Amino acid sequence: MNASSSLAALVGLFLALCMLYNAVTPLGEGPDEPGHAAYVFFLAREGRLPVQCSPPCASDVPGSGHHPPLAYLLAMPAALWLPPTLRTFDLPGNPRFTWAGGDQVNAVAHGSREQWPWDAQVWSWRLARLASSLAGAATIIFTGLAADALHRRLNNDPARGNSDQKALLAAALVAFNPQFIFTSSLVTNDALLAALGAALLWLFISSPRSLPHTALIGTILGMALITKQSALLFLPLALAWCATGGVRQRCAAAIPVPAALLVVTGVAGLVGGWWYVRNWILYGDPLGLQAFRVEFTTQAFEVTNPAAWTGALTTLHESFWARFGWMNLPAPAWTMLVYTLVIAAAAAGWIRRSIRPHQITCAWNWQLAALPLLAFLWVVSFALTAGLVAWQGRMLFPALAAIAILIACGLGVWIRGRVLTLTIIIGMAGLAAWLPFGVIQPAYPRQTLAAEAARNWEGIDTYARFARSTEPGAVIRRWRIDGTPRPGATIEVALLWHARSRQDRDWWTFVHLVDDNRRIVAEDNREPRDGAYPMSQWVAGDWVEARYTLAIPADLPPGSYALWVGLWDPATGRRAAFFDDDNVYDPDSDHVVLTTLVITGQ
């Protein structure tokens, strides 16, 4: 298999893994993905760019409206096929999320619509993720091209097979980095910035200072600047490339340094400068930092505290490789050990290379070190601005291609055979394929039923709707009793709820067994599903199965007992109104009598 076929195979496997991660990862369970998706839906719905503003004014896209728009514009076709009224997504947050001091991994609620078959809005969100996957594939291609240009063209490496091997390993380190696959399976701007960074690295390494190449670099730099503000770290490299010409060979078509500087900055300004002018006009500064700080501030980073640095660098390393969710879903410790050993082996290889320069097995270019260094400095500056949230491995992805090439070069000192290279690549691919099933999927147990499962749910049909005043509320559509009601027995009451709208609070369910004197003889009062899926997270269309147990007293006299069910607010003691139809102005009671149980003696 030649180099092109090998690279194509890597890209194909990467895209297959992206499809897997996309399907396994619930919507919104990645850093800032709800905000990124909201940006896409806003563009499709409103046809204009979002505007930030300070409270009490509400920003158009809270938390993400400060980002430049290119990544979202590329993902927008995934939402344009929806009717305008559906170009939005109601995604309730989870107040019991771990970052908020709770014990639940999911940052947002996941209802019936996310179960197969997906509805139109879920399809739209998951299709929007494909834009990131394609950008990730481009990152792999440009990494391979940059590695090939560095090791074969730039240094005229006569051992082409060895050059191809290193380029393949560098591309594989991108393709099978689980964190990059995860990121490329979300609605995000990080994957596109990584692709543009890899393209710039390839051009910096391989291009002479000709007018076409200069204009191309300016164009890609401008695209990066309207992808994410951290693209500013590419600017010093572009200017340095103008001064050095990129490659060692003389080029007859090379333009003077001042002309190259003018073309790169001019083209980049034309492509991306308008965004920063807009920010200056709207917010008074080109980056919109003041508006960003108002709505996005986390725990401060203590720059003088050594323990803070240790924790930050550890988090940065782990989340560069495999820390999923909102940075709260780590991979097993043994996987981190594997990636730590990879970094250690690569570092040892570079040390050996410096000690024995006559045994050079890997080419060198100053951009390889400069790009990761600039990315790290950007992370530090972001940490000083936004706090601890900045220490995320994805913040280094603008330099991902350079980091992968550096690691491949270091490992190449020890890895000489193609068989060993392929064995390592297969091992990385296998680990990346296991993590969705071993880590991500088990972290998000399903709390709702799919529509098909609800239709097949066995029970007695009913219609008991509970709501506040004129709200649609939630409806008990079926119920059943498991067990025989007799003195001393325990029965289970199963309810099938169907949400008609959002709920404004976490209602509790009361299930009461009541005698003829309205005295409660057995009861169960708790949240549906014991609070694992509180009612404030329910959205229209959700089907929820909830079970309650009633311990019937052993000395209960024989007779007929009514089974009452309703909703109540433990904070106020108030009950929701019960309706037996859709007339929101005509409540019938504060409870429904599901059935009457006839209890006989022992």
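Quick caveat: nothing in here was measured; it's all calculated off a predicted structure.

S.K.: Even after reading the chapter, I still don't get the packing of helix 8 (residues 190–206) against helix 10 (residues 234–244), so can you show me in this structure?
M.R.: The relative placement of two packed helices comes down to the angle between their axes together with the axis-to-axis distance. The interhelical angle for the contact between helix 8 and helix 10, taken along N-to-C directions, is 15 degrees, at an axis separation of 11 Å. Classified by the interaxial angle, the pair formed by helix 8 and helix 10 is roughly parallel. Crossing hand, helix 8 versus helix 10: left-handed. Packed against helix 8, whose contacting residues are Leu193, Gly197, Leu200, Leu203 and Phe204, the element helix 10 presents Phe234, Leu237, Ala238 and Trp241 at the interface. Of the residues that constitute the contact of helix 8 with helix 10, the class distribution is eight nonpolar, one polar and no charged.

S.K.: Whenever I open this one, the sheet that holds strand 4 (residues 474–482) confuses me. Can you help?
M.R.: The pairing of strands in a sheet happens through backbone hydrogen bonds and is either parallel or antiparallel. Strand order in the open sheet made by the five strands is 8-5-4-3-10, with antiparallel pairing throughout. One side of each edge strand has no neighbouring strand; the edge strands of this open sheet are strand 8 (543–551) and strand 10 (577–579). Shown here is a sheet whose adjacent strand axes are inclined to one another by a mean of 30 degrees, direction ignored. Relative to strand 8, strand 5 (residues 490–499) runs antiparallel, the two being bridged by nine bridges. Looking across to strand 8, one finds that Val493 is bridged to Tyr548.

S.K.: What is the right way to read the pairing of strand 9 (residues 559–568) from this model?
M.R.: In regular strands, side chains alternate between the two faces of the sheet. The buried fraction of strand 9 is high, at seven of 10 residues. Note: strand 6 (residues 508–514) against strand 9, seven bridges, orientation antiparallel. What sits directly across from Trp508, in strand 9, is Trp568.

S.K.: Would you mind showing me how to read the nonpolar core here?
M.R.: Among soluble globular proteins, nonpolar side chains are generally buried collectively. Residues Phe176, Leu201, Phe234, Phe324 and Ile405 are the most contacted members of the largest nonpolar core, which totals 139 residues. It is helix 8 that provides the largest number of residues to this core, a total of 13 residues. Those residues in contact with Ile405, other than ones at most four positions away along the chain, are Thr143, Ala146, Ala147, Leu150, His151, Ala170, Leu201 and Leu368. Core analysis: the second largest hydrophobic core is formed by 35 residues, Phe466, Ile491, Ala522 and Tyr561 among them.

S.K.: Help me understand the environment of Glu33 in this model?
M.R.: As for its position among the elements, Glu33 is in helix 2 (residues 33–46). If sequence neighbours within four positions are ignored, Glu33 has contacts with Pro26, Leu27, Gly28, Trp125, Arg129, Leu186, Val187 and Trp326. Within the structure, Glu33 has its side chain in polar contact with the side chain of Arg129 (distance 2.8 Å).

S.K.: What's the story with the side chain of Arg87 in this structure? I'm lost.
M.R.: Here Arg87 lies in the loop between helix 4 (77–80) and helix 5 (120–154). Within the buried core, Arg87 has no salt-bridge partner, and the shortest N-O distance to an opposite charge, that of Glu46, equals 9.5 Å. Within the local environment of Arg87, its side chain forms a polar contact with the backbone oxygen of Leu80, the two atoms lying 2.8 Å apart. Arg87 has contacts with Phe41, Ala44, Arg45, Ala79, Leu80 and Leu82, leaving out every residue within four places of it along the chain.

S.K.: Hey, could you run me through the packing of aromatic side chains in this one?
M.R.: Geometry of an aromatic ring pair is reported as the spacing of the ring centres plus the angle between the planes. Applying the stated criterion across every chain yields a total of 27 aromatic pairs. Ring centres of Trp309 and Trp391 lie 5.6 Å apart, and the angle between their planes is 70 degrees; on these two criteria the pair is classed as edge-to-face. One end of the pair, Trp309, is in helix 13 (residues 306–321); the other, Trp391, is in the loop between helix 15 (366–386) and helix 16 (400–412), with 82 residues separating them in the sequence. Positioned above the aromatic ring of Phe579, the side-chain terminus of Arg465 is 4.2 Å from the ring centre.

S.K.: Before we go on, may I ask you to explain unusual backbone geometry in this structure?
M.R.: A cis amide bond links Trp116 with the next residue in sequence, Pro117, at an omega value of 0 degrees. With respect to the helices and strands, Pro117 occurs in the loop between helix 4 and helix 5. The backbone of Asp530 sits at a positive phi, close to 55 degrees, despite the residue not being glycine. Examined against the element boundaries, Asp530 turns out to sit in the loop between strand 7 (520–526) and strand 8. Residue classification places Asp530 among the exposed positions, given a relative accessible area of 57%.

S.K.: How should a nonpolar patch on the surface be read in this particular structure?
M.R.: Side chains of Trp81, Trp116, Trp123 and Leu127 sit close together on the surface and give an oily, nonpolar patch of about 450 Å² of accessible area. Mapping Trp81 onto the fold places it in the loop between helix 4 and helix 5.

S.K.: What's the story with the pattern of salt bridges in this structure? I'm lost.
M.R.: Pairs can form between side chains of opposite charge once their charged atoms are near each other. Scanning the model with the defined rule gives 25 salt bridges in all. Close ionic contact of Arg547 with Asp482 constitutes a salt bridge, the shortest N to O distance being 3.5 Å. Taken together, the positions of Arg547 in strand 8 and Asp482 in strand 4 put the pair 65 residues apart, joining distant regions of the chain. One salt bridge in this structure joins Arg526 and Asp524, with 2.9 Å as the shortest N-O distance. A single network of salt bridges, built from pairs that share partners, joins Arg468, Glu471, Asp504, Arg505 and Asp569.

Analysis parameters
- Residues numbered from 1 in each chain as written.
- Predicted model: local features only at pLDDT ≥ 70, side-chain atom pairs only at ≥ 80, totals over all residues.
- Heavy atoms only, no water.
- Axes fitted to C-alpha atoms, helices over the stretch in contact; angles between N-to-C directions.
- Helix = DSSP H or I, 4+ residues; strand = E, 2+ residues; numbered from the N terminus.
- Parallel < 35°, antiparallel > 145°, perpendicular 65-115°, else oblique.
- Left-handed = near helix turned anticlockwise from the far one by under 90°.
- Contact = heavy atoms within 4.5 Å.
- Nonpolar A, V, L, I, M, F, W, Y, C, P; charged D, E, K, R; others polar.
- Pairing = 2+ DSSP bridges.
- Buried < 20%, exposed > 50% of the residue type's maximum accessible area, 1.4 Å probe, protein only.
- Core = buried A, V, L, I, M, F, W, Y, C linked by side-chain atoms within 4.5 Å.
- Polar contact = N/O pair within 3.5 Å; in protein donor to acceptor, adjacent residues only side chain to side chain.
- Lys, Arg positive; Asp, Glu negative; His and termini not counted.
- Salt bridge = Lys/Arg side-chain N within 4 Å of Asp/Glu carboxyl O.
- Phe/Tyr/Trp six-rings, centres within 6.5 Å; stacked < 30°, edge-to-face > 60°.
- Lys NZ or Arg CZ within 6 Å of the ring centre and 35° of its normal.
- Patch = residues over 30% accessible without salt bridge, like charges linked within 9 Å, V, L, I, M, F, W, Y side chains within 5 Å.
- Areas by Shrake-Rupley, 256 points an atom, 1.4 Å probe, with all protein chains shown as cover.

Read these as layout, nothing more, since geometry by itself doesn't imply function.
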